[in-house]
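Structural characterization, general
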Amino acid sequence: MEDKTQQMSGFPDPLSGATQRMNVPPVFGGDPMAQPTAMGMSVRALEMEVIMGNQFAEATKSSRLHQLVLLKSSGTAIARRMPLNVCLAIDRSGSMEGEPLEYAKRACEYVVDLLDTNDILSIVTFEEHVEVVMPARRVVNKNLIKQHIQRITPGNTTNLYDGLMQACMQVASVNATGYVNRVLILTDGEPTTGIKDFNSIVQHAADNKMRGITVTALGFGSEYNEELMAGIARRGSGNYYYISQPALIPEIFRKELETLMTITARNVRVRFSFPRGVQCRYVYGVAAPSISARGAEFVLPDIERGCVVANLSELELDRHIPGTYRVVKVEMSYEDTCTGKTETLTGEGVVEFVTDSSRIQQGVNPMVQSELEVHLATRNLEKTMMGMRTQQLTAMGALSDLQRTRNILIQSGKLDQAQEVTQAIDALQSGGDAEKTLIGTIYSLDKGKRKA
Amino acid sequence: MDDVTQIMPDQGNVGEPTQIGTVKICPVCQTTNPGLETYCSECGFLLDSHPDESGVMPTEDEDTLCLIERKSGRKFRLYEGDNSVGRENCDVLLADSSVSRKHAQIHVEGSHISVTDIGSTNGTMVNDVRLNTGSAAEVSEGAEIRFGAVSLIMSMHGEIPDTVQDASVSDFNADKTLVGDAPNTPIPVLTQTAPLSPIRVGEGEVVAKLVRADGVGGDILMSEGEFTIGRKKENMIVIFNDPFVSGKHAEVNIASGVCLLKDVGSSNGTLVNGSKLEPQEPLELHDGDEIVFGKTQYRFKTGKDNTEAEPEAPQDAPNEPGESEQP
């Protein structure tokens, strides 16, 4: 009766013996390709583990409990990557003239070089009007595509909405499944013509996510609206990048393309179902979870290989007759680029309701605790950023806040994000732009993704 | 659970005869479960174990004080004392972008419950009356409290009182303008293949039109005359797929080449070139003006300039608004 957490798909758990394994294959310990699964099918891209914040809960009064869903993707390269269907939407407003546009063009050419004939590319530029430089086509004649790229010249204003819409239309125009669909939108300024308001633009990204097209937002320079660009990435389930120097544009494009080429799970949807007396209070870091009386449902960004995605949520438990209960059933579905099919994974969280409240202390799971601390650090980071923006926080105050957050991140193993906070601290000390970095850090922490 | 011998519940014999031996009755909630289930499908209890007999108690308080979201059935429990309401770190945690981080405070003292708005962006309404920031309003059983776009019913017994349920559930969505952010339900994706037909209002020559900025069609072709704009069907110009447009939103008056636009007191306002119209104050429109009703954006065009530039706008469109069909 000590074993409370049920693990459906096994992999070594470094933390405690309090985890019960249902299926035996330790996929992440060895070579995943060599391991047969319980179903006798080929190996799937993802494994799921459900961990409760505490194996005990109060029987005599209502309480709250955190729950961690870990999604782990296999780290081994798959034989064949999924072909890409990418649209590059490039801002060619007047402010991009000179170096920025030249580097952006070089970045586009770089993307052309990285893609092969199975991939589909389209290129859209926007200023006052939108122009389709290259409609969605297979990447066959690379030199011809590059000639078109070279003809891009700077224009006037920035019509971001129409640019985004046209880019999504290009990706959507490909009438075939089995592609990783992605729009990369690069801008250096605020939208100045067309639809400019935040909600319409961000909603457009969210609508396209529902159609299976994700949007990555790349902000260049110091003039763009980081709130808007991070909002596009968040609701479009893509990535957000802050590019400080024009020379970095090609490198960031490469980074994004490489990420796309290693995606092993797309359209990741998670559903919780609860028994009577259990409710979901909150799903952390998810833009629009739909929470109902006996369940919750939400979408997660695409997952690359060799990643762990941690999703934290908070449950509210009514008082129960003492005993062992399953408090949550987790179902996850995703498009697996290894098997080419929609796969589902299930898991469950089990808790023992006890009358002796002294036992609660013994049941705390340190891994869930650590994720919770990361989340609190993320909200602190948000608060620091707001304080800096509204100037309610002095530079000194912001610095000490950031240093404290960085320490928490280092302790929790979020080294990439800690590194970004260090960059923000440096930027702050040299009078640079810390917010454009930090908003990306907050988004990536909310995504809960880290290298395995 | 390893050592517990599986006990075939003897209730299996009195259950449905075809399922003898394959059902398990949950000892906690008495739900009949298929024999293969490990946990009760209703309450989650581990079916092969025994509940602790010593501490038998009801699983749910009969007199639970809570707020119930009508749309989803979610319950938000309230406790004696102060309960904070908001989007972050609050007791009543509402993950909706129309709710402020710190939105309101609910104070419970015995049977006295009061709500105070603590400076939210989209406001707090009790039974359709908007609260002034900082002043407390007494609420009773069955009261409807709205935080931003989230509507909740006050309940003393853990369920929505019968008196409320039949009152206004059905027309709640239909007749109210959403204030604040978009609803959670996905907005239907408009495809390119089926553009909306233009809407023709008034009689005689088309002198002006409103062109949808999102390019999905549904442009409005207008002759001289006075036209009402809104979400409800009785308007002459109906903008039906934008919940941010009010039932009666605005009016257009075109006479001798001058077009006046007036907001008739809409909830989310009318913008002309980015500035909000004062309610009931007409403004003259000029060619190329950008107009936003709720969240729907149009560009105003006078007739003669662009009849050729916009070939999809037929001059001989049928007169019936909203039912015209492209040949």
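The coordinates are above.
Description of the structure in this document. On a predicted model such as this, the values are computed, not experimentally measured, just so you know.

1. Topic: the overall build of chain A
The helix and strand tally for chain A stands at 10 helices and 20 strands. Counted over contacts in chain A with a minimum sequence separation of 6, partners at least 24 positions apart contribute 74%. Taken as a whole, chain A presents about 17600 Å² of accessible surface, with 48% of it coming from carbon and sulfur.

2. A look at the sheet that holds strand S9 (residues 124-126) of chain B
Residue and element names in this part refer to chain B. The antiparallel open sheet is built from 6 strands, whose spatial order is S4-S3-S13-S12-S9-S10. Edge strands, defined here as strands with exactly one partner in the open sheet, are strand S4 (75-77) and strand S10 (129-130). With 3 bridges joining them, S9 and strand S12 (residues 144-147) adopt antiparallel strand pairing. Opposite Val 126, over in S12, you have Ile 145 as the bridge partner.

3. What to know about unusual backbone geometry
One non-glycine residue, Asn267(A), lies in the positive phi region at around 45 degrees. Of note, the phi angle at Asn89(B) is positive, near 50 degrees, even though the residue is not glycine. Along the chain, Asn89(B) falls in the loop between strand S5 (81-86) and strand S6 (92-93). Here Asn89(B) falls in the exposed class, since its relative accessible area comes to 59%.

4. Describing helix H8 (residues 395-411) of chain A
Every α-helix winds through 3.6 residues per turn, so residues three or four apart in the chain are directed the same way. Residue and element names in this part refer to chain A. Spanning 17 residues, H8 covers 24 Å between terminal C-alpha atoms, matching the ideal 24 Å at 1.5 Å per step. Here H8 has its buried residues at Gly 397, Ala 398, Leu 399, Leu 402, Thr 405 and Leu 409. Buried-residue contacts for H8 involve helix H7 (366-389), helix H9 (415-429) and helix H10 (435-447). Directly beyond the C-terminal end of H8, a positive phi value near 80 degrees is found at Gly 413.

5. With respect to the pattern of salt bridges
Going through the model one piece at a time under the given rule, you end up with 35 salt bridges over all chains. A salt bridge links Glu316(A) to Arg64(A), with the nearest nitrogen and oxygen atoms 3.6 Å apart. A residue pair is termed long-range when its members are at least 10 positions apart, and Glu316(A) in strand S17 (residues 307-317) and Arg64(A) in strand S5 (residues 63-73) qualify at 252 residues. Given a relative accessible area of 12%, Glu316(A) falls into the buried group. In this structure, Arg146(B) engages Asp128(B) in a salt bridge whose closest nitrogen and oxygen atoms are separated by 3.5 Å. One end of the pair, Arg146(B), is in strand S12; the other, Asp128(B), is in the loop between S9 and S10, with 18 residues separating them in the sequence. If you follow the salt bridges from partner to partner, you end up with Arg234(A), Arg379(A), Glu382(A), Asp446(A), Glu88(B) and Arg101(B) in one network.

6. Points about the interface of chain B and chain A
Contacts between the two partners involve 45 residues from chain B and, on the opposite side, 42 residues from chain A. Roughly 4100 Å² is buried in total at the junction of chain B and chain A, and carbon and sulfur atoms are behind 49% of that figure. Applying the counting criterion to the chain B and chain A interface returns 4 salt bridges. In this structure, Arg77(B) and Asp318(A) form a salt bridge, with 2.6 Å as the shortest nitrogen-oxygen distance. Run the count over chain B and chain A and you get 13 residue pairs in polar contact (both at pLDDT 80 or more). When the residues that make up the side of chain B that touches chain A are grouped by side-chain class, the tally is 20 nonpolar, 8 polar and 17 charged.

7. Description of the pairing of S5(A)
Residues and elements named next belong to chain A. Most of S5 sits inside the fold, with 10 of its 11 residues counted as buried. Here strand S3 (residues 46-52) runs beside S5; their pairing, made up of 7 bridges, is antiparallel. When the bridges of S5 are listed, Glu 49 appears paired with Leu 70.

8. Regarding the packing of helix H4 (residues 198-210) of chain A against helix H5 (residues 226-235) of chain A
Residue and element names in this part refer to chain A. At a minimum axis distance of 8 Å, the contact between H4 and H5 shows a crossing angle of 20 degrees. In terms of their interaxial angle, H4 and H5 are classed as roughly parallel. You can see that H4 and H5 cross each other, and the crossing is right-handed. In contact with Phe 198, Ile 201, Val 202, Gln 203, Ala 205, Ala 206 and Lys 209 of H4, H5 contributes Glu 227, Leu 228, Gly 231, Ile 232 and Arg 235. Taken together, the residues that form the contact of H4 with H5 break down as 7 nonpolar, 2 polar and 3 charged.

9. A look at helix H2 (residues 142-150) of chain A
Residues and elements named next belong to chain A. Regarding H2, the residues found buried are Ile 145, Lys 146 and Ile 149. Seen along its axis, H2 keeps its buried residues to an arc of 100 degrees; they face one direction. Next to the buried residues of H2 lie helix H1 (99-114), strand S7 (120-126) and strand S8 (130-138).

Definitions and limits used
Residues numbered from 1 in each chain as written. Chains lettered and ligands numbered in written order. Predicted model: local features only at pLDDT ≥ 70, side-chain atom pairs only at ≥ 80, totals over all residues. Heavy atoms only, no water. Helix = DSSP H or I, 4+ residues; strand = E, 2+ residues; numbered from the N terminus. Contact = heavy atoms within 4.5 Å. Areas by Shrake-Rupley, 256 points an atom, 1.4 Å probe, with all protein chains shown as cover. Pairing = 2+ DSSP bridges. Buried < 20%, exposed > 50% of the residue type's maximum accessible area, 1.4 Å probe, protein only. Expected span 1.5 Å × (residues − 1). Salt bridge = Lys/Arg side-chain N within 4 Å of Asp/Glu carboxyl O. Buried area = accessible area lost by both parts, 1.4 Å probe. Polar contact = N/O pair within 3.5 Å; in protein donor to acceptor, adjacent residues only side chain to side chain. Nonpolar A, V, L, I, M, F, W, Y, C, P; charged D, E, K, R; others polar. Axes fitted to C-alpha atoms, helices over the stretch in contact; angles between N-to-C directions. Parallel < 35°, antiparallel > 145°, perpendicular 65-115°, else oblique. Left-handed = near helix turned anticlockwise from the far one by under 90°. Arc of directions from axis to C-beta.

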